[in-house]
Amino acid sequence: MNLPVEVIEAVRNRRCLLVLGSRATLEAAELQDLSWPDNRSLATSLGWKKPRPVPGNRSKPQPPSVEEAAGELENRLGRAAMITQLQATLATPFPPTAAHQSAWKHFSLILSTCYAPLLLQAAPPNLHQLNREEAFPTAADPAQPTVIHLRGQLAHPQTILVSRRDFEQRPLGADQRRALRTLIRNHVVLFVGFRPDEEEFERCFSEFSDAYGGELPRCHLAVGQGPIDDFLWQKWVWRGLLMFMADPTEAMAELEAHVL
């Protein structure tokens, strides 16, 4: 695995913005021989069902959608029941990995799409936490480690965004978009703990693009848990995303080796 030189230099100069996805949690569970759902399994646990085939339709079937499943479950049983099911599915407690520990050594501002609290467990005691409705900083402050929860936290149900309706009704505000645009302009963006063939990353990348007001400057993605096909490589390269294969612990360990 070759960590991009641009990322290494940006981390050394405190100009790298880390965006951490839920596959960092999945990897942590797997390393400890525990069960934790990936996005497909989470969609199924929320009630997603494979659509019936349409005669004559040869288009590629859509993958399981967490947003769609959560919306349908909320429509049937109500918001409280949907959140309870989400919390129950993601309730297994386990400690963070070296990747979470390492993240706080090199990044004082982290944006997270993880529901689980592993990043918080590894954080310094003076951690400052923000949800998407609160004022975002426009620069990282080494004296004030900060995490922005883009999808909320399991421990605070009122902050959670999971369905398509949630994101449509609670988009990033104008002030948050301006702050995020400044962060993107002044930093190299590194996505870790995502796969580009999953809804979670598509949603996150789209929110960043909307905040920026167009195509993002060159970003980097450490693709976790296995390779992707050529179609996806080409799709994301055209959107300015440079990818390399690395699970979160591998990416952070490589970063440690080059930066320390």
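Calculation criteria
- Residues numbered from 1 in each chain as written.
- Predicted model: local features only at pLDDT ≥ 70, side-chain atom pairs only at ≥ 80, totals over all residues.
- Heavy atoms only, no water.
- Helix = DSSP H or I, 4+ residues; strand = E, 2+ residues; numbered from the N terminus.
- Rg over C-alpha atoms; globule rule 2.2 N^0.38 Å.
- Buried < 20%, exposed > 50% of the residue type's maximum accessible area, 1.4 Å probe, protein only.
- Contact = heavy atoms within 4.5 Å.
- Areas by Shrake-Rupley, 256 points an atom, 1.4 Å probe, with all protein chains shown as cover.
- Lys, Arg positive; Asp, Glu negative; His and termini not counted.
- Charge placed at Lys NZ, Arg CZ, Asp CG, Glu CD.
- Pairing = 2+ DSSP bridges.
- Axes fitted to C-alpha atoms, helices over the stretch in contact; angles between N-to-C directions.
- Right-handed = clockwise from strand over helix to strand, strands pointing away.
- Core = buried A, V, L, I, M, F, W, Y, C linked by side-chain atoms within 4.5 Å.
- Expected span 1.5 Å × (residues − 1).
- Polar contact = N/O pair within 3.5 Å; in protein donor to acceptor, adjacent residues only side chain to side chain.
- Parallel < 35°, antiparallel > 145°, perpendicular 65-115°, else oblique.
- Nonpolar A, V, L, I, M, F, W, Y, C, P; charged D, E, K, R; others polar.

(A) A look at the overall build of the protein. Check the secondary structure of the protein and you find twelve helices and seven strands. Taken against the 2.2 N^0.38 rule, which gives 18 Å for 260 residues, the C-alpha radius of gyration of the protein at 18 Å falls within 12% of a compact globule. In terms of principal-axis extent, the alpha carbons of the protein reach across some 55 × 40 × 40 Å. Looking at the protein residue by residue over its 260 residues, the buried ones come to 50%. Taking the contacts inside the protein whose residues are at least 6 apart along the sequence as the reference set, 72% of them involve residues at least 24 apart. Approximately 12500 Å² of the protein is accessible, and the part contributed by carbon and sulfur atoms is 52%. Charged side chains in the protein number 27 positive and 30 negative. The centres of these two groups are separated by 5 Å.

(B) Structural view of the sheet that holds strand E1 (residues 16-20). Read across the sheet, seven strands follow the order E3-E4-E2-E1-E5-E6-E7 without closing on themselves; strand pairing throughout is parallel. Strands at the two margins of the open sheet, each flanked by one partner only, are strand E3 (128-131) and strand E7 (241-245). Averaged over all neighbouring strand pairs, the angle between strand axes comes to 20°, with direction disregarded. Relative to strand E4 (residues 146-149), E3 runs parallel, the two sharing four bridges. Considered in E4, the bridge of asparagine 131 is made with histidine 149.

(C) Expanded view of the pairing of E7. In this structure, strand E6 (residues 219-223) lies alongside E7, joined through five bridges in parallel fashion. Of the residues in E7, the one forming a bridge with histidine 220 is leucine 242. Crossover handedness for the path E6 to helix H11 (residues 230-238) to E7: right-handed.

(D) Structural detail: the nonpolar core. One finds Phe191, Phe208 and Leu241 to be the most contacted residues of the largest nonpolar core, which totals 30 residues. Secondary structure elements with two or more residues in this core: E1, strand E2 (109-112), helix H9 (174-186), strand E5 (188-194), helix H10 (199-212), E6, H11 and E7. Ignoring sequence-local partners within four residues, the contact set of phenylalanine 208 consists of Val19, Leu111, Leu150, Leu180, Ile184, Val189, Phe191 and Leu216.

(E) Geometry of helix H4 (residues 66-77). Given a rise of 1.5 Å per residue, twelve residues ought to cover 16 Å, and the 16 Å separating the end C-alpha atoms of H4 matches this to within 8%. Turning to H4, its buried residues number three or more, namely Val66, Glu67, Ala69, Ala70, Gly71, Leu73 and Glu74. Elements in contact with the buried residues of H4: helix H3 (39-45), helix H5 (79-89), helix H8 (164-169) and H10. Between the side-chain oxygen at the start of H4 and the backbone nitrogen of glutamate 67 there is a gap of 3.5 Å, and the oxygen is on serine 65. Of the residues one or two after H4, glycine 78 is the one with positive phi, at around 100°.

(F) Quick peek at the packing of H9 against H10. Viewed as axis vectors pointing N to C, H9 and H10 meet at an angle of 95°, and their least axial separation amounts to 8 Å. As judged from the angle between their axes, H9 and H10 are roughly perpendicular. Across from Arg177, Leu180, Arg181, Ile184 and Arg185 in H9, the residues of H10 making contact are Glu207, Phe208, Asp210, Ala211 and Tyr212. Taken together, the residues that form the contact of H9 with H10 break down as five nonpolar, no polar and five charged.

(G) Seen up close, the pairing of E1. For E1, the tally of buried residues reaches five of five residues, placing the bulk of the element in the interior. Because side chains alternate across E1, one face comprises the buried residues Cys16, Leu18 and Leu20, and the other comprises Leu17 and Val19, equally buried. With five bridges connecting them, E1 and E5 associate as parallel partners. Counted as the bridge partner of valine 19 is phenylalanine 191 from E5. Bridging between E1 and E2 involves three bridges; their strand directions are parallel. Bridge pairing links leucine 18 to isoleucine 110 in E2.

(H) Geometry of unusual backbone geometry. Located in the positive-phi region is arginine 14, a residue other than glycine, with phi close to 55°. Here arginine 14 shows up in the loop between helix H1 (5-12) and E1. The class for arginine 14 is partly exposed, based on a relative accessible area of 42%. Even without a glycine there, the phi angle at aspartate 33 is positive, about 55°. Relative to the helices and strands, aspartate 33 resides in the loop between helix H2 (23-31) and H3. Assessed through its relative accessible area of 73%, aspartate 33 is described here as exposed.

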